[in-house]
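Observations on the model geometry
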Amino acid sequence: MWKYQKLLEHPVNIKNPDPALAKLIITQLGGPDGELGASLRYLSQRYSAPCREVQGILTDIGTEELGHMEMISAIVFQLTRDLSEKEIREGGFDAYFVDHTTGIYPVAATGVPFSASIFQSTGDAIADLSEDLAAEQKARLTYDNLLRLIDDPDVREPIKFLREREVVHFQRFGEGLRMVQDMLDSKNFYAFNPSFDK
Amino acid sequence: MALSDKQLMQKKIQACEFTLTDVILYLDSHPNCPDGLEYYRKHKAMLEKAVADYEKTYGPLTAMGVCDDEKKWTWATTAFPWERSEN
């Protein structure tokens, strides 16, 4: 089971609200390559992982992603504090505001609500880990795209931390995939589901 | 079926944790209740002892629970709880 700790994985302290930026960054909460989807993906896939090392990697990265979801939520929360009606309208935050005021709701930057259809849990470790590698790259490039549009150092700093974690997770999943492939034998050279076809 | 020693120790931890989960919810809405606080402290101490005893014998319950004298990383080499025989 899980326990909650009242401490972010990395600090988030933003001086200046910026609703336009919040509207973009929220995509890493509820978007197609966001932290909520990442966490659900790994925590769903871990049951069919064929060895404990990969079960461990999926459990621990899935757990860390929950912490990243909290960091993104904290960034959006701080970027949308004390907004005037003028700021809401001029920052393009008005459509979100009508539905959610300044509550935190998992949507993509385009406004599409979070959907589990953005990830898979196939029961096949090679397929799952290949998806996980792609997912970490997609999250990394989303952070790269965000960093192209962010000037405020208070916002850049936690986003850069999150970007670096995507790179580390990509490495760990690469090792997990290699472990699973090393378990294959000559009877299963083409890597048909090593979780199911024992 | 009789419970194994491992299952008995797990049961004790689960009981302490559930007790704490429940009293924590109570204290969230009754933060000034001295009896609630005392109940919390008593079960927190029981849980800490039960977890330390379990981890010494059966391996870590969390990634922070790997014992100091372990020669290798036992977090990802001991069983995960969704395996049927493990709980």
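So, here's what we can say about the structure. From a predicted model like this one, the values you see are computed outputs, not experimental measurements.

Regarding its fold elements, chain A presents eight helices and zero strands. Along the three orthogonal principal directions, the C-alpha set of chain A runs to about 65 × 35 × 30 Å. Going through the 198 residues of chain A one by one, you find that 44% of them count as buried. Residue pairs at least 24 apart in sequence account for 79% of intrachain contacts in chain A once pairs closer than 6 positions are excluded. Of the roughly 10500 Å² of accessible surface on chain A, a fraction of 56% belongs to carbon and sulfur atoms. Charge-centre separation for chain A: the mean point of 21 positive side chains lies 2 Å from the mean point of 31 negative side chains.

Okay, the overall build of chain B next. A tally of regular secondary structure across chain B gives two helices and zero strands. For chain B, whose C-alpha radius of gyration is 15 Å, the value lies well above the compact-globule estimate of 12 Å for 87 residues. Summarising its shape, the C-alpha atoms of chain B cover approximately 45 × 35 × 20 Å along the three principal directions. Looking at chain B residue by residue over its 87 residues, the buried ones come to 30%. In chain B, the share of contacts with a sequence separation of at least 24, taken over all contacts with a separation of at least 6, comes to 40%. Put simply, chain B shows about 6400 Å² of open surface, and 58% of that area lies on carbon and sulfur atoms. Each charge class in chain B can be summarised by its mean position, and for the 11 positive and 14 negative side chains these summaries are 4 Å apart.

Bringing the packing of helix α4 (residues 52-79) of chain A against helix α7 (residues 125-149) of chain A into the picture now. Residue and element names in this part refer to chain A. Contact geometry for α4 and α7: axes closest at 13 Å, N-to-C directions at 25°. With respect to α7, the axis of α4 lies roughly parallel. Where α4 crosses over α7, the handedness of that crossing is left-handed. Contact residues: Val54, Leu58, Ile61, Glu65 and Ile72 in α4; Leu129, Asp132, Glu136 and Tyr143 in α7.

We now examine the interface of chain A and chain B. Taken residue by residue, the interface counts 10 residues in chain A and nine residues in chain B. For the pair chain A and chain B, the two sides together bury roughly 900 Å², of which 54% comes from carbon and sulfur. It is A:Tyr47, A:Arg52 and A:Gln55 in chain A that bury the most area against chain B; as a group they hold 50% of the surface buried on that side. For the pair chain A and chain B, the interface holds two salt bridges. Residue B:Glu83 is joined to A:Arg52 by a salt bridge in which the shortest nitrogen-to-oxygen separation is 3.5 Å.

Residue and element names in this part refer to chain A. Along the polypeptide, Asp154 turns up in helix α8 (residues 153-182). Within the structure, Asp154 has its side chain in polar contact with the side chain of Lys15 (distance 3.1 Å). Discounting residues that sit within four places of it in the chain, Asp154 has contacts with Asn13, Ile14 and Lys15.

Even without being glycine, A:Asp82 reaches a positive phi, approximately 50°. At A:Thr101, a position not held by glycine, the phi torsion is positive, near 50°.

This part takes up the layout of surface pockets. Here the largest pocket defines a volume of roughly 2000 Å³. Residue lining of the largest pocket: 44 residues in total, with A:Met1, A:Trp2, A:Lys3, B:Leu61 and B:Thr62 positioned closest to the centre. Its boundaries defined by the atoms lining it, the second largest pocket holds a volume of some 430 Å³. In this structure, the second largest pocket is lined by 15 residues; those nearest its centre are A:Lys3, A:Tyr4, B:Leu20, B:Thr21 and B:Ile24. Taken together, the elements giving at least two residues each to the lining of the second largest pocket come down to α1 (5-29) and α2 (34-58) of chain B. With six residues, α1(B) is the largest single contributor of residues to the lining of the second largest pocket. Looking at side-chain class alone, the lining of the second largest pocket contains eight nonpolar, one polar and six charged residues.

All names here are of chain B. For the pair α1 and α2, interaxial distance at closest approach is 9 Å and the crossing angle is 150°. Here α1 is positioned roughly antiparallel relative to α2, judged by the angle of their axes. By crossing handedness, the relation of α1 to α2 is classed as left-handed. In the contact of α1 with α2, the residues fall into 17 nonpolar, four polar and six charged.

Tallied over the entire structure, the rule returns six aromatic pairs over all chains. Aromatic ring contacts, followed pair by pair, group A:Tyr47, B:Trp75, B:Phe80 and B:Trp82 into a single cluster.

Analysis parameters
- Within each chain, residue numbers correspond to sequence positions counted from 1 in written order.
- Chains and ligands are labelled sequentially in the order written, the chains with letters from A and the ligands with numbers from 1.
- With pLDDT at 70 or above as the cut-off, local features in this predicted model cover only qualifying residues; side-chain atom pairs require 80 or more to be listed or tallied, and sums for whole chains, interfaces and linings still use all residues.
- Neither water nor hydrogens contribute to the side-chain values; these are computed over all heavy atoms in the structure.
- Helix and strand labels come from DSSP, where a helix needs a run of H or I of at least four residues and a strand needs a run of E of at least two; each type is numbered from the N terminus.
- For every residue, the accessible area (1.4 Å probe, protein chains only) is compared with the maximum for its type, and the residue is labelled buried under 20%, exposed over 50%, or partly exposed between those bounds.
- Contacts are residue-level and defined by heavy atoms, with any inter-residue pair within 4.5 Å sufficient.
- Note on areas: Shrake-Rupley, 1.4 Å probe, and residue coverage restricted to the protein chains presented here.
- Charged-residue counts in this description rest on Lys and Arg as positive and Asp and Glu as negative, His and the chain ends being excluded.
- Every charge is mapped onto a representative atom, which is NZ of Lys, CZ of Arg, CG of Asp or CD of Glu.
- Here the globule rule reads 2.2 Å times residues to the power 0.38, and the radius of gyration is calculated from C-alpha atoms.
- All axes are obtained by fitting lines to C-alpha atoms, using only the stretch in contact for helices, and the reported angles, taken between N-to-C directions, cover 0 to 180 degrees.
- Here the angle decides the label: under 35 degrees means roughly parallel, over 145 means roughly antiparallel, 65 to 115 means roughly perpendicular, and every other value means oblique.
- Crossing handedness is defined as follows: a turn of the near helix away from the far one that is anticlockwise and smaller than a right angle gives a left-handed crossing, while the clockwise case is right-handed.
- When two parts are brought into contact, each loses some accessible area as probed by a 1.4 Å sphere; the total of that loss over both is the buried area.
- Basic side-chain nitrogens of Lys or Arg form a salt bridge, by our definition, when they fall within 4 Å of a carboxyl oxygen of Asp or Glu.
- Whenever two N or O atoms come within 3.5 Å, that pair is a polar contact, provided that in protein one can donate a hydrogen and the other can accept it, and provided that, for residues adjacent in sequence, both atoms are side-chain atoms.
- A pocket, in this scheme, is an open set of points on a 1 Å grid over the protein atoms alone with protein on both sides within 12 Å along at least 5 of 7 lines, while a cavity is a set where a 1.4 Å probe fits but cannot get out; residues line either one if an atom lies within 4 Å of a point.
- Grid points are joined across faces, edges and corners, and a volume is the space filled by probe spheres set on the points.
- Under the grouping applied here, Gly and all other residues not named as nonpolar or charged are polar, the nonpolar ones being Ala, Val, Leu, Ile, Met, Phe, Trp, Tyr, Cys and Pro and the charged ones Asp, Glu, Lys and Arg.
- Within 6.5 Å between ring centres, the rings of Phe, Tyr and Trp (the latter by its six-membered ring) count as paired, and their orientation is classed by plane angle as stacked under 30 degrees, edge-to-face over 60, tilted in between.

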